[in-house]
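Topology and contacts: notes
Residue-level listing of the chains:
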Amino acid sequence: MVNCTIDHIPVTVPANTTIMQAAESIGIAVPHLCFLKDLNEIAACRVCAVEIKGTDRLLTACNNVVAEGMAILTNSPKVTVDRRRTVQMILSQHDFRCATCVRSRNCSLQDLAGDLNIQDVPFESCIERRPWNRDFPLIRDAAKCIKCMRCIQVCDKMQSLGVWDFEGTGSRSTVNVSHARNIEDAGCSLCGQCVTHCPVGALSERDDTGRFLRAVMDPDTTVAVQVAPAVRTAWAESLGLPLEAAPVGKIFDALKKMGADYVFDTAFSADLTIMEEANELVARFAAGDLAERPMFTSCCPGWVRFLKSEYPHLESRLSTAKSPMQMFGSVMKTAFAEDQNLDPNRLFSVAVMPCLAKKSEAEMPLYAGEYAGHETDCVLTTREFARLIRACHINMATLEAVPADTLYQSVSGAGIIFGATGGVMEAALRTAYHTLTGRNCPGDHFADVRATGQDTGVTEATFAIGDTSLRVAAVSGLANTRRLIEALEAGRARYDFVEVMACPGGCVGGGGQPIHDGEERAFARGKNLYFLDRGAPIRHCHENPDIRALYRDHYGEPGSPAARRLLHTDHRHWAMPRGL
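These figures come from a predicted structure and were not determined experimentally.

Time to look at the overall build of the chain. Across its full length, the chain holds 18 helices and 17 strands. For the chain, the C-alpha radius of gyration of 25 Å lies close to 25 Å, the compact-globule estimate for 580 residues. Considering only C-alpha atoms, the chain reaches an extent of 80 × 55 × 45 Å along its principal axes. Buried residues in the chain amount to 62% of all 580 residues. Carbon and sulfur atoms form 50% of the exposed surface of the chain, whose accessible area is close to 23200 Å². Treating the 60 positive side-chain charges of the chain as one cloud and the 69 negative ones as another, the clouds have centres 4 Å apart.

Quick look at the structure:
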């Protein structure tokens, strides 16, 4: 143990504790911009500099450890003047037109400049500007980059993709797409983790709120919106509404107030996905197709992009089932349009998703020829939805929990847990159990596949279902996924079925979710989905009455020719640039 004082308060902490950690242990927050625990501890911004009595040089608190007898001052006049000058220098290279920035009111640099009472920047302005493809789902604004290198470290260490890199030296140093590539050619998974870990507005999603507003304004267009399970756990975080007062029904009410004609829960098509995916799993297993390599889930487009870029030889191991978002879009423009006597060419399908990769997925050639356009015409992230609520001046206090529209109103708890890592696996196993045994398993029978915390990269289990033994794994985070695939390729691991989510914690931690700088809320959000599952009146996808009606009236049975044509896809229809 080491004894020291911080701002004149005695502190005793274990050896090798950083100054920042020691200060936090007694409730003293040291300001910082670049620091991310275990990912970016390089003191690039120097905002966290503190004074050590008896020395002239300030020390950065994030990567220097306490020493016996050290007297630390985190807010002395010397520290304040230095910190203020540092932030002013950062601002001299930053486009601080905050009023038009997507991160305004949720920006660490903006907050810090306000706290330090910075009202002018005495240094010459030198702002970097670079061209960018504004049609790409991920947007980078070089003029706002503060060169903290968080995006580089997150992409390298958390996702193992190396999309970003540092280039140049001295005052010309900057962050850019690695190896002088365009972002379109970089094999980016579009997981969006670089966006949620950026402290400023240098990285963001392509804003599609204007497309949505134009659609609801068009009297000749019918707008149908679906809302992903993970959105309900996070949408109100930045809107001042506590979780217990933010059921999915209030999202539906807000969308209706914005002008949507129909609103639905994507948990419905998650149930539909499981009907097809569980049927496919059982069929592949019975045919011996899983003897050497597993079937992988295909509902996460970030993961699908990763596999097609990094391991294209495994493309055939993906389930052919479309994602819930794409399935719902397909149902909207076929079965729903037919039942409601709507022209599918005038039906605008919108999805509110926790994900950037969904924007790209909606543009892929996965759709069927029965209707014009794609299954999904517009994807809004959870953050975009929250911005729309503000833009439309919707009073949160007036929102009521309204039901989804018929014909697709019923959802199961199994569909709701799709948003958490392990949820797709668990939902599929519940239905596979019924398929193989003819009876339902208890609701929590497959709970062993659930992740228990942020450090849990891979969850493994073996289940006996009747006379069948299934070896399964659920993994989240692409660096963890890479390790799992390499273990499979080397013969060190063996599974029949693997669920992969690109984002740590699953969709609840997606790149389109509300941003809380330095704080990961994915697993707390996931617990809420499991809470909703436990209280759901229907806990198995195959018991959803609206799903049964859809098959009865349109598809016949899972895996039928009609279902194969509209609810499945050929992953060979599109390609990804190869990773390095």
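With that settled, consider the sheet that holds strand β4 (residues 59–60). The five strands lie next to each other as β2-β1-β5-β3-β4, forming an open sheet whose pairing is mixed. A strand with exactly one partner marks an edge of an open sheet, and here the two such strands are β2 (9–13) and β4. When strand β1 (residues 2–6) meets strand β5 (residues 71–73), the two strands line up parallel, connected through two bridges. Each bridged residue has a counterpart across the sheet, and for Thr 5 the counterpart in β5 is Ala 71. Strands in contact with helix α2 (residues 77–92) are β3 (49–52) and β5; relative to β3, the strand with the most contacts, it is inclined by about 155 degrees.

Moving on, we come to helix α12 (residues 382–391). Of all the 10 residues making up α12, seven are buried; the element is thus mostly covered by neighbouring parts of the structure. Of the residues trailing α12, His 393 is marked for its positive phi of about 55 degrees.

Before going further, it helps to spend a moment on the environment of Arg 525. Checked against the element boundaries, Arg 525 lands in helix α16 (residues 522–534). A C-alpha to C-alpha distance of 7.1 Å links Arg 525 and Ala 234, two positions 291 residues apart in sequence. In this structure, Arg 525 is in contact with Thr 233, Ala 234, Glu 237, Val 508, Gly 509, Gln 513, Pro 514 and His 516, ignoring residues within four places of it in sequence. A distance of 3.4 Å separates a polar side-chain atom of Arg 525 from the backbone oxygen of Pro 514.

With that settled, the discussion passes to the packing of helix α8 (residues 267–286) against helix α17 (residues 545–555). At a minimum axis distance of 10 Å, the contact between α8 and α17 shows a crossing angle of 60 degrees. Between α8 and α17, the angle is such that the two are oblique. Crossing hand, α8 versus α17: right-handed. In this structure, α8 uses Phe 268, Asp 271, Leu 272, Met 275 and Glu 276 to contact α17, whose residues at the interface are Asp 546, Ile 547, Leu 550 and Tyr 551. When its residues are assigned to classes, the contact of α8 with α17 shows six nonpolar, no polar and three charged.

Right, let's talk about the nonpolar core for a bit. Within the largest apolar cluster, 94 residues are counted, with the highest numbers of intra-cluster contacts made by Val 87, Leu 109, Leu 138, Trp 164, Ile 183, Trp 303 and Val 472. At six residues, helix α14 (residues 423–437) tops the list of elements feeding residues into this core. Setting aside residues no more than four positions away along its own chain, Trp 303 makes contact with Phe 296, Thr 297, Leu 318, Leu 478, Thr 481, Ile 485, Val 500 and Ala 502. Grouped together as the second largest cluster of nonpolar side chains are 39 residues, Ala 215, Val 227, Met 325 and Phe 348 included.

A word on the pairing of strand β14 (residues 378–381). Both faces of β14 are covered, namely the face carrying Cys 378 and Leu 380 and the face carrying Val 379 and Thr 381. Inspection of the sheet shows strand β13 (residues 347–353) paired to β14 by four bridges, in the parallel sense. Within the sheet, the bridge partner assigned to Met 353 lies in β14 and is Thr 381.

It is worth spelling out the sheet that holds strand β10 (residues 222–227) at this point. Across the sheet, four strands lie side by side as β11-β10-β13-β14; this open sheet has parallel pairing. At either end of the open sheet lies a strand with only one pairing partner, and these are β11 (262–265) and β14. Adjacent strand axes in the sheet meet at a mean angle of 20 degrees when their direction is disregarded.

Let us now look at the UniProt feature "domain: 4Fe-4S His(Cys)3-ligated-type" (unreviewed entry) in the chain. Residues annotated by UniProt as "domain: 4Fe-4S His(Cys)3-ligated-type" (unreviewed entry) correspond here to residues 78–117. A distance of 16 Å separates the end C-alpha atoms of residues 78–117, which is 57% helix and 0% strand.

Moving on, we come to the domain arrangement of the chain. When its domains are assigned, the chain resolves into domain 1 (2–91), domain 2 (95–203) and domain 3 (209–567). Using only C-alpha atoms to locate each centre, domain 1 and domain 2 end up separated by 25 Å. Taken together, the contact pairs 20 residues of domain 1 with 24 residues of domain 2. Together, the buried faces of domain 1 and domain 2 total about 1900 Å²; carbon and sulfur atoms form 74% of this surface. Per-residue buried area on domain 1 facing domain 2 is highest for Leu 33, Leu 39 and Leu 91; these three make up 38% of the total on that side. Along the contact surface separating domain 1 from domain 2 lie zero salt bridges. Applying the counting rule to domain 1 against domain 2 returns nine residue pairs in polar contact (both at pLDDT 80 or more).

Thresholds applied
- Residues numbered from 1 in each chain as written.
- Predicted model: local features only at pLDDT ≥ 70, side-chain atom pairs only at ≥ 80, totals over all residues.
- Heavy atoms only, no water.
- Helix = DSSP H or I, 4+ residues; strand = E, 2+ residues; numbered from the N terminus.
- Rg over C-alpha atoms; globule rule 2.2 N^0.38 Å.
- Buried < 20%, exposed > 50% of the residue type's maximum accessible area, 1.4 Å probe, protein only.
- Areas by Shrake-Rupley, 256 points an atom, 1.4 Å probe, with all protein chains shown as cover.
- Lys, Arg positive; Asp, Glu negative; His and termini not counted.
- Charge placed at Lys NZ, Arg CZ, Asp CG, Glu CD.
- Pairing = 2+ DSSP bridges.
- Contact = heavy atoms within 4.5 Å.
- Axes fitted to C-alpha atoms, helices over the stretch in contact; angles between N-to-C directions.
- Polar contact = N/O pair within 3.5 Å; in protein donor to acceptor, adjacent residues only side chain to side chain.
- Parallel < 35°, antiparallel > 145°, perpendicular 65-115°, else oblique.
- Left-handed = near helix turned anticlockwise from the far one by under 90°.
- Nonpolar A, V, L, I, M, F, W, Y, C, P; charged D, E, K, R; others polar.
- Core = buried A, V, L, I, M, F, W, Y, C linked by side-chain atoms within 4.5 Å.
- UniProt positions renumbered as here; feature names shortened; annotations may be inferred.
- Domains from an automatic or database assignment.
- Buried area = accessible area lost by both parts, 1.4 Å probe.
- Salt bridge = Lys/Arg side-chain N within 4 Å of Asp/Glu carboxyl O.

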